[in-house]
Structures are given as C-alpha cells and as structure tokens.
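# Residue-level structure breakdown
Single-letter residue listing:
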Amino acid sequence: MKQLSRLSVRSALFILLVLYTAYAIGPLIWLGSMSLRTTSEIDSSHYALPNTFHWWKFHEAWANSNYNNYFWNSVFVATTSVLVLVVIGAMAGYCLARYPFRGNRAVFFAIFSTIMLPPQITVISLFQILVKYGLFDTLTGLTLVYIGVQMPITLYILEGFFKRIPRDLFDAAKIDGYGDFEIFWRIGLPIAMPAVVTVMILNFILLWNEFLYAVVLITSDEKRTLPLGVQKFMGDQFSDIGMVATGAMISIIPVIIAYAFFSEKIIQGMTAGAVK
Amino acid sequence: MSIWYRRESNGQWPIIALFVGPALLGYILLTIYPVLLTIYNSFFEIRPRNAAAFIGWKNYAALASDRTFWLAVRHTLIWALVAPVLEVVLGLLLAVTIYARAPLGRFFRVAWFSPVLISYVVVAIMWSWLYNYDWGLVNAGLRALNLEGLQRSWLGEPGTALWALIVVDVWKWTGFHLIVCLAAVHGLPQEVIESAEMDNCGWLGKIYFIVVPMLAPTLIGLLVLGFVGKMKVFDLVWIMTQGGPLWSTETVSTYVYKRAFDWNTFDLGYPCGIATVWFAAILLCVILFTTVFRQREKLEY
C-alpha cells in the first residue's frame with residue numbers, strides 16, 4: 001500500500017516536471033517551427049508543426065533583410081569585447097590576487113561594486129561622451145562601452161580563481177628565475193583556463209543579447225547588432241510572422257549551438273556571479 | 001613570510017601598474033566619469049545646440065511632482081518585489097524535485113535553463129505572440145477550457161499588462177534560480193536529510209523545516225540579486241509595450257529612456273536627475289539589505 005502511494009506521488013511529480021518543461025521550452029520549439037513555415041501556413045494553423053521545411057527562408061532573411069550584416073556586427077562587437085575583457089581582466093585579477101600592495105582591496109571593491117549600477121546612470125552621459133569624440137553610432141564606441149560594462153563581473157570571477165591557486169607554485173617559478181610577466185603568462189594563465197573560458201562564455205552571451213546600450217548608441221541600419229535588427233524587422237514586417245520568426249531564430253541559433261556543446265560550462269558561467 | 005612579501009612588493013609598483021593599469025583606466029573612463037557626469041548633468045538643463053544652463057535643484061523639484069515618474073517607481077517596485085519571490089520559490093521547488101532523483105534530471109536541468117540564454121528581444125516577440133488576442137496560446141487555451149469570458153488582450157489592457165510582463169520575466173529567470181538552488185541543495189550535508197527521512201518527515205516538511213533554513217543565505221542572496229536586477233528592468237517593457245497602455249507598464253528605466261531620447265523635450269538634464277535618484281535608491285536598498293542580513297546572521301551564531 002505504502003509502495004503504491006509512493007509510486008503515485010512519484011508519477012504525479014514527474015507529470016508536473018514534464019508540464020513545467022513544456023512551459024519552459026515549448027515557446028522556443030514553437031518559434032523554431034514557425035521559422036520554417038511560411039506566414040500563410042502559420043495563419044491557417046498557428047500551432048502546427050512544419051509539413052515541408054522552408055529552409056530558403058533563412059537564406060532570404062540572411063541575404064535580403066540585412067541579417068548577414070547584423071550578424072557580423074554582433075560577432076565583431078561581442079568577440080572584440082570578450083577578447084579585450086579577458087586580457088585586461090586576467091591581468092588585473094591576477095595582480096589583485098597575488099600582489100598585496102597598498103590600496104589593493106580598495107581598487108578591487110571600487111571596480112566590483114559597480115556591478116549593481118543601473119545602466120541609466122551611465123547611458124546618457126556615455127551617449128554624450130561618444131558624440132563628443134566621434135564614436136557615437138560606431139561599432140568601436142559600442143565595443144568600448146561593453147568592455148566597461150562587463151569589467152566588474154570579469155574581474156570578480158578571475159580574481160577569485162587566481163586567489164585559490166596555491167602560492168607555492170608561483171614562488172617555485174620565481175626561484176627558477178621566471179620574471180613577473182612570465183609567471184603570469186606561463187603559469188597563472190594556463191592554470192586559470194577554466195575560469196577564463198567561463199568568463200569568455202558568460203560575457204559573449206550577455207553581450208550577444210545586449211539591447212539597452214545598443215539601442216541608445218547605434219542608430220544607422222548598417223551598424224545594428226542582431227537584437228536591434230530583430231526589433232527593427234519586427235517593427236517593419238509586423239504581419240509577416242513567419243519571417244520575423246526566421247530572423248529571431250538566426251539571432252539565437254549561435255547561442256543554441258554553443259549551449260548544445262557546452263551546456264555545463266555555460267550554466268556554470270551564467271551562475272558564476274551568484275554562487276559564492 | 002609577510003615581511004619578505006611586503007619588501008618584495010615595494011619594488012614592484014611598475015609591474016603592478018602595468019597589470020592593473022588598463023582595467024583601472026577603463027573603469028575610470030567608462031564608469032566613474034560617466035556616473036559623475038550624469039550626477040553633474042542633473043543640475044543643468046541641456047538642450048541641443050544650446051549651452052547647458054545651471055538650474056540648481058529644479059530637476060529634482062520637478063521630479064517630486066512628476067506623476068508619471070511616481071507611477072514608474074510603483075511599477076518597478078511591484079516588479080522588483082514580486083518577480084524575485086516567484087522565481088526563487090518556483091526555482092527552489094523544482095530544485096528539490098530534481099534532487100529527489102526524478103528520472104532524466106540532467107535533461108530537465110538543461111531544458112529549464114535555456115530561457116535564461118535567449119535574448120530579451122526574442123523573448124519579447126515570442127510572448128507578445130503568445131498573448132495575441134485572436135490566436136495567442138493563452139486565449140486559445142482559455143477557449144479550449146470553455147472559459148471564453150476570461151479572454152482578454154493581455155498586453156492591451158492597463159489592468160493586466162504589468163502582470164503579463166512579470167509572467168514573462170518569471171518564465172525567463174526561474175531556470176537561473178533553479179540551478180543555483182540545486183547546487184546549494186547538493187551542498188547540504190547528507191546526514192541531515194537522511195535523518196529527516198528516518199523521522200518520517202514528509203516531502204513538504206523536509207523543504208520547510210530543513211532545506212529553507214539551511215539554504216537561507218543562498219535564498220536571501222538570490223532575492224537581493226533578483227531585486228537589484230529587476231530595479232533596472234528595461235528591455236522586456238520597451239519591446240513589448242513601450243510603457244503602455246496608459247502608462248500601466250512604465251518603469252523607471254523606460255521613463256528615463258523616453259525623456260532622454262524619445263520625447264521631443266530634448267532635455268538631457270531631467271532624465272539624468274531621474275537616473276541619479278534611482279541610483280541612490282538602489283544603493284540605499286543594497287546597503288540596507290546587507291546590514292539587516294548581516295545583523296541577523298550575527299544573531300544566529
């Protein structure tokens with residue numbers, strides 16, 4: 001009897017989990033299926049699965065609705081920021097973790113505390129500053145801003161990792177006659193690779209999806225990143241649901257592919273700021 | 001050891017400057033300078049092609065009687081207080097369920113986390129379709145259940161729009177809280193849970209008497225993190241409703257954006273004032289939370 005009730009609780013729970021899963025990923029699957037159907041097919045039945053896969057829609061959006069342009073802009077901005085961030089962040093994180101100089105903690109907390117700044121406190125004056133220096137509406141300007149925005153979390157994660165590396169390792173290298181920069185480059189950085197990869201993935205996904213700074217700092221169509229492009233396309237082709245879905249899919253496919261391969265690493269990276 | 005270390009660091013300022021310099025420079029130019037500039041600007045009226053005119057506290061005085069601003073504050077606070085609680089509670093329940101060794105745990109984990117990775121623009125478009133009056137899934141579901149009377153234009157009515165947006169937010173972020181809770185539950189000492197099992201403690205009892213108290217620091221951390229995050233909410237609102245209908249979803253962030261870049265008031269000083277006030281409010285909340293919770297932690301030990 002007890003066995004039976006336990007079994008029924010188990011299966012009730014399992015059904016609940018399945019329902020929640022449908023709620024969590026159902027909309028995404030629906031979007032994916034719409035991206036392969038034409039708008040007239042969708043209009044006749046909104047929740048059907050595709051009969052024929054209209055792959056040409058992806059080519060159409062890519063080539064004729066400027067998605068190739070948005071895509072490469074996003075790639076440029078996100079990759080450049082991620083690379084600069086990881087180099088600067090790793091150097092600073094390493095130094096703050098390893099050299100107990102005066103003001104060390106002050107520097108760390110000053111940078112780290114900006115993690116909670118609301119973006120509005122900087123976005124208006126960044127707009128003014130970029131206009132002043134001719135960087136408004138340029139990908140370079142947006143990249144610079146992104147580097148500033150993601151610096152605190154980058155530093156926080158990397159500093160934490162470098163701090164956990166036993167000091168003996170560095171002392172041994174010192175005795176072997178390595179210079180400061182060599183120790184960082186040959187020993188610190190390779191050991192910190194897991195944290196470096198985590199930080200790179202985290203920053204890449206956050207910046208790939210970033211919207212607020214982009215919408216303020218970019219105005220011309222040929223400089224739009226993917227989120228802006230998708231939003232503009234939605235505004236222009238409001239009724240062409242099928243194509244809007246295709247465009248939206250183009251913007252999330254890279255993230256989905258990355259997630260399929262590195263799901264654990266990505267989950268770890270995204271929650272790195274919250275787990276202490 | 002420490003003397004040796006200090007002596008060493010004295011000769012190393014050039015190295016330290018080289019390592020920390022770039023990050024510090026970026027921090028000063030891209031964060032500190034803009035923040036100070038915004039605060040400074042809030043005392044000016046700044047119109048294009050005019051010199052900025054100093055107006056003292058006028059922006060702040062105007063803010064105090066700006067009804068739209070207070071509406072925006074109300075909506076943002078509702079969002080920041082309700083959404084994190086829903087997300088953390090739901091996340092914790094799901095975490096405990098997976099921990100109770102449901103089959104396919106790994107698959108569920110990956111599936112539930114996926115909304116976190118999708119950009120707000122795509123989430124917003126998808127959900128405005130789900131909320132569509134004629135063919136959106138929400139109304140279609142109500143029709144299927146013979147509840148035609150409950151159908152409405154979820155984003156188009158002032159009474160429901162804000163809550164419809166909060167549901168989307170909860171959809172996107174529950175997976176995040178779930179993962180963090182799951183890691184924390186796995187970190188609990190095995191003996192405690194086993195001993196509760198021996199005492200014939202029920203499933204809900206286990207959560208209430210053991211998991212919640214032991215995870216309190218994590219849960220509070222998540223709530224604070226969620227609160228601070230929602231105080232900034234912009235993307236979802238901007239893409240789905242632009243603050244409408246009738247200001248019913250206006251948040252502080254969207255109002256700042258409107259006043260700065262969207263309305264033809266063309267004055268950058270006033271939105272800087274709003275941003276400064278909001279920055280101070282968030283700062284105050286964070287300080288309050290940390291002192292209150294630190295105090296309580298002290299009492300417990």
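What you are looking at is a predicted structure, and each value in this text was computed from that prediction instead of being measured.

Our focus in this paragraph is the domain arrangement of chain A. For chain A, the domain assignment lists domain 1 (2–44) and domain 2 (66–236). Averaged C-alpha coordinates put domain 1 of chain A and domain 2 of chain A at centres separated by 37 Å.

This brings us to the interface of chain B and chain A. Between chain B and chain A, the contact holds 89 residues from the first and 82 residues from the second. Buried surface at the junction of chain B and chain A, summed over both partners, amounts to about 7,800 Å²; 78% is from carbon and sulfur atoms. At the junction of chain B and chain A, the tally comes to two salt bridges. For A:Glu264, the salt bridge is made with B:Arg106, and the minimal N-O distance between the two is 3.5 Å. On the surface where chain B and chain A come into contact, there are 16 residue pairs in polar contact (both at pLDDT 80 or more).

This part takes up the packing of aromatic side chains. Taken as a whole, this structure holds 48 aromatic pairs over all chains when the rule is applied. Taking the centre distance of 5.6 Å and the plane angle of 50 degrees together, the rings of B:Trp127 and B:Tyr131 count as tilted. Each member of the pair, B:Trp127 as well as B:Tyr131, is classed as buried. Taken together, the aromatic side chains of A:Tyr94, A:Tyr99, A:Phe162, A:Phe170, A:Phe181, A:Phe184, A:Trp185 and B:Phe19 make up a single cluster linked through ring pairs. The ring of B:Tyr120 carries B:Lys172 above its face, with NZ or CZ at 4.8 Å from the centroid. Cation over ring: B:Lys172 sits above B:Trp173, and NZ or CZ is 5.2 Å from the ring centre.

Residue and element names in this part refer to chain B. Counting across every chain of the model gives 14 salt bridges over all chains. In this structure, Asp-169 and Lys-230 form a salt bridge, with 3.0 Å as the shortest nitrogen-oxygen distance. You can see Asp-169 sitting in helix α8 (residues 158–186) and its partner Lys-230 sitting in helix α10 (residues 203–230), a full 61 residues away along the chain. There is no split in this pair, since Asp-169 and Lys-230 are both buried.

Criteria and cut-off values
- Numbering of residues starts from 1 in each chain and follows the order in which that chain's sequence is written.
- Written order decides the labels, with chains lettered from A and ligands numbered from 1.
- This being a predicted model, a pLDDT of at least 70 is required before a residue's local features are given, and a value of 80 or more before pairs of side-chain atoms are given or counted; all residues contribute to the totals for chains, interfaces and linings.
- Working from all heavy atoms in the structure, the side-chain values ignore hydrogens and water.
- Here the bounds of each domain stem from an automatic or database domain assignment.
- Here, residues are in contact when the closest pair of their heavy atoms is within 4.5 Å.
- In this description, buried area is defined as the sum, over both parts, of the accessible area (probe of 1.4 Å) that is lost when the two are combined.
- Here, a salt bridge means any Lys or Arg side-chain nitrogen found within 4 Å of an Asp or Glu carboxyl oxygen.
- Polar contact is the term for a pair of N or O atoms within 3.5 Å; when the atoms are in protein, one must be able to donate a hydrogen and the other to accept it, and sequence-neighboring residues count only if both atoms are side-chain atoms.
- The rule is short: rings of Phe, Tyr and Trp, with Trp giving its six-membered ring, pair when the centres are within 6.5 Å, and they are stacked under 30 degrees, edge-to-face over 60, tilted in between.
- Residue burial is assigned from relative accessible area. The probe radius is 1.4 Å, only protein chains are included, and a residue is buried under 20% of its type maximum, exposed over 50%, and partly exposed in between.
- By definition here, charges over rings are those cases where NZ of Lys or CZ of Arg is within 6 Å of the ring centre and within 35 degrees of the ring normal.
- Numbering of helices and strands starts at the N terminus; helices are DSSP runs of H or I of at least 4 residues and strands are runs of E of at least 2.

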